[in-house]
6 protein chains.
Amino acid sequence: MRPSGRKPEQLRDIRITRNYTKHAEGSVLIEFGETRVLCNVSVDEKVPNFLKGKGQGWVTAEYGMLPRSTGSRMAREAAQGKQGGRTMEIQRLIGRALRAAVDMKQLGERSFTVDCDVIQADGGTRTASITGGCVALVDAINHVRKRGLITNDPLRHLVASVSCGIFGREAVLDLDYAEDSNAGTDMNFVMDDSGGFIEIQGTAESKTFSLDEMLAMTKLAQGGIRELIAQQKKALEMK
Amino acid sequence: MRPSGRKPEQLRDIRITRNYTKHAEGSVLIEFGETRVLCNVSVDEKVPNFLKGKGQGWVTAEYGMLPRSTGSRMAREAAQGKQGGRTMEIQRLIGRALRAAVDMKQLGERSFTVDCDVIQADGGTRTASITGGCVALVDAINHVRKRGLITNDPLRHLVASVSCGIFGREAVLDLDYAEDSNAGTDMNFVMDDSGGFIEIQGTAESKTFSLDEMLAMTKLAQGGIRELIAQQKKALEMK
Amino acid sequence: MRPSGRKPEQLRDIRITRNYTKHAEGSVLIEFGETRVLCNVSVDEKVPNFLKGKGQGWVTAEYGMLPRSTGSRMAREAAQGKQGGRTMEIQRLIGRALRAAVDMKQLGERSFTVDCDVIQADGGTRTASITGGCVALVDAINHVRKRGLITNDPLRHLVASVSCGIFGREAVLDLDYAEDSNAGTDMNFVMDDSGGFIEIQGTAESKTFSLDEMLAMTKLAQGGIRELIAQQKKALEMK
Amino acid sequence: MRPSGRKPEQLRDIRITRNYTKHAEGSVLIEFGETRVLCNVSVDEKVPNFLKGKGQGWVTAEYGMLPRSTGSRMAREAAQGKQGGRTMEIQRLIGRALRAAVDMKQLGERSFTVDCDVIQADGGTRTASITGGCVALVDAINHVRKRGLITNDPLRHLVASVSCGIFGREAVLDLDYAEDSNAGTDMNFVMDDSGGFIEIQGTAESKTFSLDEMLAMTKLAQGGIRELIAQQKKALEMK
Amino acid sequence: MRPSGRKPEQLRDIRITRNYTKHAEGSVLIEFGETRVLCNVSVDEKVPNFLKGKGQGWVTAEYGMLPRSTGSRMAREAAQGKQGGRTMEIQRLIGRALRAAVDMKQLGERSFTVDCDVIQADGGTRTASITGGCVALVDAINHVRKRGLITNDPLRHLVASVSCGIFGREAVLDLDYAEDSNAGTDMNFVMDDSGGFIEIQGTAESKTFSLDEMLAMTKLAQGGIRELIAQQKKALEMK
Amino acid sequence: MRPSGRKPEQLRDIRITRNYTKHAEGSVLIEFGETRVLCNVSVDEKVPNFLKGKGQGWVTAEYGMLPRSTGSRMAREAAQGKQGGRTMEIQRLIGRALRAAVDMKQLGERSFTVDCDVIQADGGTRTASITGGCVALVDAINHVRKRGLITNDPLRHLVASVSCGIFGREAVLDLDYAEDSNAGTDMNFVMDDSGGFIEIQGTAESKTFSLDEMLAMTKLAQGGIRELIAQQKKALEMK
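Residues numbered from 1 in each chain as written. Chains lettered and ligands numbered in written order. Predicted model: local features only at pLDDT ≥ 70, side-chain atom pairs only at ≥ 80, totals over all residues. Heavy atoms only, no water.

If you look chain A up in an unreviewed UniProt entry, it shows as Ribonuclease PH from Sulfuricaulis limicola. Under the heading Sequence similarities (unreviewed entry), UniProt records this for chain A: "Belongs to the RNase PH family." Within the UniProt record for chain A, the comment given under Subunit (unreviewed entry) is "Homohexameric ring arranged as a trimer of dimers." (UniProt positions renumbered as here; feature names shortened; annotations may be inferred.)

Novice: What exactly am I supposed to notice about the confidence of the model for chain A here?
Specialist: Caution applies to low-pLDDT regions: their predicted coordinates should not be interpreted in detail. When pLDDT is averaged along chain A, the result is 96, and 100% of the positions lie at 70 or above. Model confidence for the complex: the whole-complex pTM is 0.94, and ipTM, which rates the interface, is 0.95. (pLDDT = per-residue confidence, 0-100.)

Novice: So what exactly am I meant to see when it comes to the sheet that holds strand 1 (residues 14–18) of chain A here?
Specialist: The strands that make up a sheet are held in pairs by hydrogen bonds between backbone atoms, and each pair lies either parallel or antiparallel. Residue and element names in this part refer to chain A. As summarised here, the arrangement of the five strands in space is 1-2-3-5-4, forming an open sheet in which the pairing is mixed. Only two strands of the sheet have a single partner each, and these edge strands are strand 1 and strand 4 (58–65). Each strand axis lies, on average, 20 degrees off the axis of its neighbour in the sheet, ignoring direction. One ladder, built from five bridges, connects strand 1 with strand 2 (residues 26–32); its direction is antiparallel. Bridged to Arg18 within strand 2 is Val28. Against the sheet, helix 3 (residues 125–146) contacts strand 1, strand 2, strand 3 (35–44), strand 4 and strand 5 (111–120), and its axis sits at roughly 35 degrees relative to strand 3. Here helix 5 (residues 211–236) sits on the sheet and contacts strand 1 and strand 2; the angle it forms with strand 1, its principal contact strand, is near 30 degrees. (Pairing = 2+ DSSP bridges. Helix = DSSP H or I, 4+ residues; strand = E, 2+ residues; numbered from the N terminus. Axes fitted to C-alpha atoms, helices over the stretch in contact; angles between N-to-C directions. Contact = heavy atoms within 4.5 Å.)

Novice: Could you clarify how one ought to interpret the relation of the copies chain B and chain A in this entry?
Specialist: Both copies of the chain are related by a screw-like operation: a rotation about an axis and a shift along it. For the pair chain B and chain A, the superposition axis carries a translation of 0.0 Å, the fit reaches an RMSD of 0.0 Å, and the rotation angle comes to 180 degrees. Such a turn and shift between the copies fits a two-fold axis. Counting the interface residues of chain B, we find that 100% of their copies in chain A are interface residues as well, pointing to one common contact surface. (Least-squares fit on C-alpha atoms with pLDDT ≥ 70 in both.)

Novice: Please explain the pattern of salt bridges as it appears in this structure.
Specialist: One side chain can pair with another of opposite charge once the charged atoms of both are near each other. For the coordinates displayed, the defined rule picks out 123 salt bridges over all chains. With its nearest N and O atoms 3.6 Å apart, the salt bridge here joins Lys46 of chain C to Asp44 of chain C. One salt bridge connects Asp153 of chain C with Arg145 of chain C, and the closest N-O pair in it is separated by 3.4 Å. Within the structure, one salt-bridge network assembled from shared partners comprises Arg2, Arg6, Arg12, Asp174, Asp176 and Glu179 of chain A. (Salt bridge = Lys/Arg side-chain N within 4 Å of Asp/Glu carboxyl O.)

Novice: What is the right way to read the UniProt feature "binding site: phosphate" (unreviewed entry) in chain A from this model?
Specialist: Residues and elements named next belong to chain A. As recorded in UniProt, the feature "binding site: phosphate" (unreviewed entry) lies at Arg86, Gly124, Thr125 and Arg126. Taken along the chain, the residues just named run across 41 residues; in space they keep tight, none of their C-alpha pairs more than 13.4 Å apart. With respect to the secondary-structure elements, Gly124 resides in the loop between strand 5 and helix 3. Discounting residues that sit within four places of it in the chain, Gly124 has contacts with Arg12, Thr35 and Leu175. Relative to the assigned elements, Thr125 resides in helix 3. Setting aside its immediate chain neighbours within four residues, Thr125 contacts Thr35, Val37, Tyr63, Met65, Arg86 and Val118. At 2.6 Å, the side chain of Thr125 forms a polar contact with the side chain of Tyr63. (Polar contact = N/O pair within 3.5 Å; in protein donor to acceptor, adjacent residues only side chain to side chain.)

Novice: Before we go on, may I ask you to explain the interface of chain B and chain A in this structure?
Specialist: A common way to report how large an interface is uses the accessible area buried once the components associate. Across the boundary between the two partners, chain B contributes 38 residues, which contact 38 residues of chain A. Of the roughly 2,900 Å² buried where chain B meets chain A, counting both sides, 46% is carbon and sulfur surface. Interface area lost by chain B to chain A is led by His23, Arg68 and Arg76 of chain B, which between them contribute 24%. Here chain B and chain A share 16 salt bridges between them. The shortest N-O distance in the salt bridge between Asp117 of chain A and Arg76 of chain B comes to 2.9 Å. Elements that contribute at least two residues to the side of chain B that touches chain A include exactly strand 3 (35–44), strand 4 (58–65), helix 1 (77–80) and strand 5 (111–120) of chain B. For the side of chain B that touches chain A, the per-class residue count stands at 13 nonpolar, twelve polar and 13 charged. (Buried area = accessible area lost by both parts, 1.4 Å probe. Nonpolar A, V, L, I, M, F, W, Y, C, P; charged D, E, K, R; others polar.)

Novice: Could you clarify how one ought to interpret the UniProt feature "domain: Exoribonuclease phosphorolytic" (unreviewed entry) in chain A in this entry?
Specialist: Mapped onto the present numbering, the UniProt feature "domain: Exoribonuclease phosphorolytic" (unreviewed entry) falls on residues 10–140 and 157–222 of chain A. The span residues 157–222 of chain A carries 27% helix and 44% strand; its end-to-end C-alpha distance comes to 15 Å.

Novice: Is there a simple way to think about the packing of aromatic side chains in this case?
Specialist: By convention here, two paired aromatic rings are described through the distance between centres and the angle between planes. As enumerated under the stated definition, the model contains twelve aromatic pairs over all chains in all. Each ring, one from Phe50 of chain A and one from Trp58 of chain A, has its centre 5.3 Å from the other, and the planes form 90 degrees; the classification is edge-to-face. Overall, the relative accessible area of 19% leaves Trp58 of chain A in the buried class. Across from the ring centre of Tyr20 of chain A, 5.3 Å away, lies the NZ or CZ of Arg36 of chain B, which sits over that ring. (Phe/Tyr/Trp six-rings, centres within 6.5 Å; stacked < 30°, edge-to-face > 60°. Buried < 20%, exposed > 50% of the residue type's maximum accessible area, 1.4 Å probe, protein only. Lys NZ or Arg CZ within 6 Å of the ring centre and 35° of its normal.)

Dropping the structure here:
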């Protein structure tokens with residue numbers, strides 16, 4: 001029995017609110033239960049140095065947690081003068097995941113920066129960031145397309161992400177914080193709308209996991225990501 | 001005529017939402033029109049070194065803007081490795097203002113950190129931070145009082161803040177971004193519920209201002225702050 | 001009765017020594033009683049990026065205290081790897097104040113950096129920095145004019161600054177450290193030679209201040225700044 | 001056909017040299033083909049603050065590349081003033097992997113720091129770091145045991161790591177740099193000597209990967225890690 | 001013929017002004033010609049961690065240049081967020097030199113920090129810093145002795161420093177900036193009042209130097225340091 | 001009698017291994033007894049800004065110690081966010097020494113960066129770095145010459161370095177760590193193959209040194225450097 005009372009294969013309530021703030025080219029508040037992440041995408045009409053003159057665009061991500069998005073206050077990274085290892089790890093993951101969603105050649109020489117800022121954390125902030133960031137990225141791309149600056153659609157796939165874990169010997173989907181703290185294994189999946197794997201990261205916490213457990217989690221993730229992509233499509237009014 | 005169509009002495013719509021996030025001891029979303037600031041107060045059962053053993057508490061503040069809270073994306077301070085001068089100036093101001101609201105002796109040896117994070121900026125983020133931060137601070141103090149750790153009420157005064165400016169030769173209250181960008185002078189006031197001044201900061205932008213202009217702005221601020229404190233009381237259900 | 005024995009409206013002894021060091025285009029040692037600040041102005045034949053190609057110049061300031069300019073040694077900011085919030089706040093104020101003194105269009109595309117370094121601190125280092133920095137800036141501008149690189153005089157106004165406070169219920173002018181530490185309110189004024197206000201910053205320390213107190217301090221400041229500007233003119237041999 | 005000419009399931013030549021330097025309590029040079037990493041373990045008779053008084057030890061890791069361990073020189077992180085995101089990601093992975101090897105309770109209140117410094121890089125530096133770091137950690141633990149400070153053996157399992165990839169539609173084991181640069185997917189495995197999974201990280205590079213591909217890579221990894229653990233045992237002269 | 005018109009063995013005019021600022025326990029302005037360095041010594045009643053409980057004191061130094069102490073403005077190290085290599089090199093040299101002047105055991109568990117800040121640079125700032133810093137250190141030690149906290153005199157020797165160079169094939173003493181820029185070799189000497197060498201640093205600039213040249217410079221330095229120590233004694237009114 | 005049992009004028013065993021790693025244009029492992037330093041030289045087809053367009057090249061050096069190259073672990077400078085003063089001092093010395101070896105004009109507009117990383121420290125890491133770095137620099141220059149990018153030989157001199165000390169009243173050559181820790185004076189010499197002095201740095205440790213001692217050390221250094229240059233030539237197969 002999960003602390004949340006959910007069935008093993010059950011996602012938390014997912015809410016996707018587009019146009020959450022007014023300045024960004026794409027702005028989405030995504031909620032995975034009580035986890036809330038604001039994903040703002042900004043378009044910049046230039047690319048990093050290593051891409052200059054190559055006729056392609058770029059997608060990158062930054063991640064942050066508001067100091068009191070968590071149960072006890074975390075020090076503000078800006079005040080400490082550096083981003084921690086966990087922050088770097090997560091923002092690199094978000095960037096890789098979202099680059100898999102688009103065809104860089106079709107973006108033109110411009111950059112899309114996806115800022116994922118955690119307003120409230122309750123487990124799964126990185127998976128929510130990827131799932132919400134993808135919707136905001138689509139909005140930002142469409143914003144540029146409406147201005148006629150991009151002609152072919154750069155979107156190759158919708159991309160979503162979910163976590164799984166082994167909780168009390170059973171594989172469960174979409175861990176909240178109470179479950180995550182007690183799970184024996186934590187595994188994050190990123191997949192696209194054709195069912196292909198983009199990223200898998202599994203970490204044993206207190207004890208190692210077996211191939212069977214890995215397969216059970218993978219199967220749950222496949223179902224969960226299908227649901228998340230359905231939610232993305234609904235939010236974006238895609239058929 | 002103001003760009004916003006407001007009368008010179010008219011505040012923007014003010015909205016104060018308490019308990020906006022679930023972890024913080026005090027959590028308030030304050031909106032001054034389209035400016036939205038999340039004020040979270042965290043209680044820590046210790047004080048900075050310079051206060052250890054003095055039998056009193058401390059109130060401090062940190063301020064940040066989400067990278068795309070503004071019209072064009074600002075670099076993330078955590079990624080740049082330092083807080084800018086404007087950020088430091090503002091968070092020092094918020095801290096001074098809110099320390100004036102409470103009796104440090106009554107807090108006990110504990111610290112209250114007020115995190116003001118700007119979700120969306122449209123002028124007046126520092127005045128909204130102080131006004132919303134005060135409500136969140138009251139909630140956090142009451143949270144500690146309910147647990148019986150503080151017996152006498154440390155709250156001396158409610159504190160609020162508003163800006164004024166000289167727009168087209170006339171003093172106007174509570175500048176939004178469009179007005180602020182074109183105002184000849186920008187003046188921020190912090191006052192308490194007994195009408196005392198806590199902080200005044202006036203800056204000439206394109207031309208100097210006169211004593212008469214200063215007095216006209218001061219008069220508008222007095223009225224505006226009365227209204228803001230009424231809103232704070234209503235939100236807090238104080239009589 | 002003030003600790004210094006001065007009358008409420010009495011400035012400390014002001015001394016302005018031009019050409020204090022030999023390398024800078026403008027170099028002034030200013031003394032407000034025992035407070036001594038060295039103001040060096042450097043001319044650079046380029047402007048910051050945001051002004052490139054706009055046909056105007058720039059004035060900026062940096063501020064620092066020698067580690068033992070104060071009663072107890074302060075850590076050296078260079079060794080700590082960052083400038084503190086107070087330093088940033090003050091150097092931003094000095095920059096804004098001195099930009100009000102000149103017509104940027106007449107400077108040409110060049111920058112004037114005003115370095116204010118406190119040799120000995122006894123209260124009022126920011127007001128001394130502004131007052132002395134203005135004299136050094138005039139010298140640096142004239143240095144460039146003599147070389148024929150600027151034709152019209154960019155100087156619009158002399159600018160000076162002074163502090164006031166409420167000491168024992170009475171408004172007093174130009175606080176020294178002993179007075180500042182015990183004053184109920186600290187208020188800094190920046191004005192120009194036509195009596196216009198450039199900046200006002202008033203902070204309540206132990207208790208709030210009233211409108212009457214603010215007006216009493218403002219009146220003292222107007223008189224003090226008239227005297228300081230007279231001293232600036234005398235030092236510069238302006239009529 | 002792999003660029004290296006190896007069979008899909010073939011590791012590179014593995015060499016493990018113990019006591020490579022003289023100061024460290026454990027010092028191992030590990031070579032995966034032309035990749036060479038020096039793993040030095042240092043014992044410190046104290047634990048981080050968050051573990052003080054809990055009667056257990058700690059294992060942590062740091063990772064670095066010599067500036068010219070790579071084909072073109074990388075900037076020295078010490079000179080740049082910070083560790084990059086990739087460095088942080090890798091050293092966090094090494095630390096997690098090696099903590100799974102030992103029983104923290106049996107270490108006593110002391111820390112083992114595993115420094116993995118890449119002398120020459122040719123793909124797989126993180127997997128070599130984990131595999132070599134484990135041998136050095138065993139040596140360091142035995143060093144402390146010989147001094148009688150640890151009585152029960154804290155070693156629970158040997159831990160090793162290897163990468164797999166999809167190269168030209170086929171799963172291959174232990175990618176070198178030429179293969180890694182052209183592989184469609186890069187997947188790193190950490191396992192222990194009982195066949196349990198400690199960490200899995202798979203990243204699609206140019207295209208997504210399928211469940212079948214993931215399983216093929218997993219199978220190769222299981223075989224590779226068995227071989228690596230055999231090499232570790234041989235080097236350690238364990239039966 | 002030297003640019004300065006001085007004879008090869010002639011020092012610049014040396015001026016030593018004690019009690020230059022009022023807060024420091026020792027405060028000396030030293031001038032070597034147009035080079036002016038303010039040396040302030042601060043006493044702190046504790047020692048660095050590595051000396052705690054060892055019953056001895058410590059002497060350390062920090063060095064800085066005001067941004068416009070030089071011909072063209074140098075960036076402020078505090079604003080850049082770090083001290084440069086030259087600064088570190090010099091402050092380490094000053095610290096080593098002045099530690100040679102005192103018996104650490106006699107200082108008690110307290111630290112003397114010597115801040116050397118260059119007001120105006122014209123060559124030889126490090127040698128002036130050592131020479132002036134020694135006088136300020138003596139004053140600070142005597143300040144503590146007068147308060148009865150140190151009983152035996154910790155001063156072992158006066159220490160002074162001077163540079164020499166090869167200018168136009170001839171050895172010359174105490175290079176000013178014009179000479180230093182054109183000298184083939186730059187050699188700094190630190191010696192004590194008994195003629196012992198504390199530090200020698202010689203650097204070939206455009207061509208190597210010979211043993212004969214080294215000896216010629218050493219001889220000049222011995223004479224120069226005798227004169228500097230005589231000046232120190234005179235300033236300190238030592239017989 | 002020296003702790004090492006060597007005669008006063010006896011170097012440790014010197015080993016110079018070229019092509020130690022495969023990526024760098026010059027890669028030398030140098031061993032002075034148990035001190036081992038890896039010297040990698042990287043060629044970059046551009047020069048620092050201050051040399052752009054001047055038709056000459058540049059040689060610079062960086063120095064680092066692996067955290068456990070020493071008896072007790074030193075904090076990793078990359079993790080601490082800055083290079084320490086000792087590191088800066090040493091890398092500046094190496095750079096100056098090696099620039100004396102070449103004719104910058106003949107290098108063309110390209111930079112040679114000499115990375116000296118200490119694998120194992122046992123005294124004399126800076127002298128080993130210079131001596132080994134020179135061999136690696138020659139290899140890197142020849143690498144560029146073979147590609148036809150440099151026509152005239154830029155090498156003016158081989159450069160080597162050795163330390164001397166006063167150990168038990170006697171001058172001794174090439175101190176190892178045990179000797180260095182107990183030597184009364186530590187003196188480092190850099191010379192070229194024509195016997196000219198490039199750099200001399202002598203530091204008294206517990207007591208001052210005399211001119212006679214300095215001369216005795218200088219004489220030992222001359223002999224030692226002759227031997228080191230013979231070893232460099234042998235390693236480089238120069239006649």
